[in-house]
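Working through the structure, step by step
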Amino acid sequence: MADYDAIILGAGAAGLMCAGVAGQRGRKVLLVDHADQVGKKILISGGGRCNFTNTGTTHERFLSANPHFARSALDRYTAADFVALVDAYGIAWHEKTLGQLFCDGSARQIVAMLLEECAKGPVTIATGRAVTDVAHDGTAFRVAIDGVAATAPRLVIATGGPSIPKMGATGFAYDLARRFGLKVVEPHPALVPLTLGGEDVLFRELSGVAADVVARCGPKGGGAAFREAALFTHRGLSGPAILQVSSYWRHGEAIGIDFVPGRDSGWLAAEKRGSPRATLRRTLARALPDRLAETLADRLGHPGELANLAERKLAEAEARLRDWRFVPNGTEGFAKAEVTAGGIATAGLSQKTMAAKAVFGLYAIGEAVDVTGWLGGYNFQWAWASGWAAAQDL
Ligand code: FDA
């Protein structure tokens with residue numbers, strides 16, 4: 001290998017973007033990945049269609065110990081900038097829902113586009129190569145790749161987080177960052193299904209049932225709230241609403257589910273007036289899938305007709321339906337987590353350039369950093385924006 005202006009470790013979304021932009025700024029870049037192909041997570045993302053950005057991107061839709069950190073990069077490289085790039089390559093796309101943009105065709109088009117962007121500059125891509133050592137002599141980084149040394153005054157950590165280890169994801173970024181004195185915010189699985197135990201185990205019998213809900217997590221049911229689908233699984237809860245709150249959830253906490261969002265307050269009392277002979281179960285089944293209505297009605301324990309239920313009991317039942325508490329006993333872990341929350345602490349990085357404040361020439365971008373987006377294209381937008389920001393400084 002040889003001397004470069006910059007070595008980027010990790011050829012995922014952030015690394016590819018950073019390499020392409022730096023290359024087009026005339027930088028001689030080495031982009032290294034231990035996987036046999038680049039952008040593997042892009043290829044499987046969005047069910048193979050890659051939800052590549054979200055038109056609603058704002059730093060408020062990201063979790064981080066410093067909620068303002070992502071703002072600078074996200075404001076300077078926006079969803080519209082990425083869409084312009086996609087359009088320049090003639091890649092057809094559509095908005096699915098909630099500002100989520102997907103390829104009409106295949107995620108492969110996004111990877112091909114990023115590779116073409118890299119090919120426009122002096123970017124060397126080395127895949128299937130293990131990084132065996134990284135050293136710094138004060139001015140240059142020396143990276144041993146399968147035992148062969150490459151040097152550069154700039155080193156970018158873009159190796160992502162440990163979500164989905166079977167795809168080659170590792171905690172390498174954290175180990176490397178710690179070696180250079182950077183702090184790491186405790187990583188945990190995010191956008192991940194939650195598991196149910198104890199009394200709630202009965203809900204696992206609803207495996208396959210989905211419902212439109214509002215899921216909440218945080219102090220006293222406040223904090224984050226998402227209106228999307230929830231899905232019961234053979235291990236617990238999944239679906240977009242649950243994945244969203246999972247990023248905020250901590251062990252021991254409850255999540256609250258509103259099973260009747262959009263229904264006016266006093267809905268059950270109104271149902272009683274309109275259909276006094278109906279049972280609670282039948283009434284719930286008008287708003288929810290049958291099996292879910294049955295389970296909830298059983299739990300609420302009012303088998304008779306609505307006519308025989310006092311207004312107070314109806315109000316209590318409705319209050320429970322609007323804030324049904326589950327205390328998950330865990331998550332499905334990094335094996336099933338779409339992203340990793342936590343990561344390289346933003347306190348040690350420049351929000352403008354992603355450069356380490358204490359180690360000249362060192363940068364960290366993408367999922368490796370303690371910035372985690374909501375579900376829906378936000379995480380790729382962070383990868384593009386942080387990769388772009390670092391590339392301006394290489
Ligand atoms: P990324 O993980 O993409 O890249 C890191 C690279 O580093 C990998 O290529 C890896 O092989 C390499 N690497 C790791 N350790 C290394 C080592 N020791 N040496 C050398 N190389 C190493 N987001 C979104 O916005 N929209 C979506 O539709 C989806 N869909 C989705 C589906 C699934 C199944 C998953 C798992 C994730 C998503 N995501 C998503 C999240 C998104 O994929 C993720 O946030 C970005 O890929 C992060 O980009 P990075 O470049 O930071 O890491």
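Note that the structure is predicted; figures quoted are calculated from it, not measured. Once a new chain begins, its residue numbering starts again from 1 and follows that chain's sequence as written. Residue-level local features of this predicted model are given only where pLDDT is at least 70; pairs of side-chain atoms are given and counted only at 80 or more, and the full residue set underlies all totals for whole chains, interfaces and linings. The basis for every side-chain value is the complete set of heavy atoms in the structure, and neither hydrogens nor water enter the calculation.

1. Regarding the layout of surface pockets
Put simply, the rule is: Definitions used throughout: a 1 Å grid over protein atoms alone; a cavity as a set of points that fits a 1.4 Å probe which cannot get out; a pocket as an open set with protein on both sides within 12 Å along at least five of seven lines; a lining residue as one with an atom within 4 Å of a point. Grid points are joined across faces, edges and corners, and a volume is the space filled by probe spheres set on the points. Runs of H or I in DSSP of at least four residues are treated as helices and runs of E of at least two as strands, each being numbered from the N terminus. Polar here means any residue other than Ala, Val, Leu, Ile, Met, Phe, Trp, Tyr, Cys and Pro, which are nonpolar, and Asp, Glu, Lys and Arg, which are charged; Gly is therefore polar. These domain boundaries are the output of an automatic or database domain assignment.
Computed from the structure, the second largest pocket encloses a volume of approximately 160 Å³. Taken together, L63, S64, A65, V185, E186, H188, S247, Y248, R250, A341, G342 and D370 make up the lining of the second largest pocket. At the level of elements, β12 (184-190) and β20 (339-344) are the ones that each hand at least two residues to the lining of the second largest pocket. Top element by residues in the lining of the second largest pocket is β12. It accounts for three residues. When grouped by side-chain class, the residues that make up the lining of the second largest pocket number five nonpolar, four polar and three charged. Two domains share the lining of the second largest pocket, each providing at least three of its residues, namely domain 1 (6-189 + 336-391) and domain 2 (194-331).

2. Some words on the domain arrangement of the protein chain
Formally: Here, two residues are considered to be in contact whenever any of their heavy atoms come within 4.5 Å of each other. Summed over both partners, the accessible surface that disappears when two parts come together, traced with a 1.4 Å probe, is what is meant by buried area. By convention in these notes, a salt bridge is any Lys or Arg side-chain nitrogen within 4 Å of a carboxyl oxygen on Asp or Glu. We call two N or O atoms a polar contact when they sit within 3.5 Å, provided that within protein one can donate a hydrogen and the other can accept it, with sequence-adjacent residues counted only if both atoms are side-chain atoms.
According to the domain assignment, the protein chain contains domain 1 (6-189 + 336-391) and domain 2 (194-331). Each of domain 1 and domain 2 has a C-alpha centre, and these two points are 38 Å apart. Each side of the interface is counted separately: domain 1 has six residues, and domain 2 has nine residues. A buried area of about 780 Å², summed over both sides, lies between domain 1 and domain 2, and 59% of it is on carbon and sulfur atoms. Looking only at domain 1, the three residues that lose the most surface to domain 2 are L63, W374 and L375, adding up to 55% of its buried area. Taken together, the connections running from domain 1 to domain 2 amount to zero salt bridges. Put simply, domain 1 and domain 2 have three residue pairs in polar contact (both at pLDDT 80 or more) between them. Each residue belonging to the side of domain 1 that touches domain 2 can be placed in one class, and the counts come to five nonpolar, one polar and no charged.

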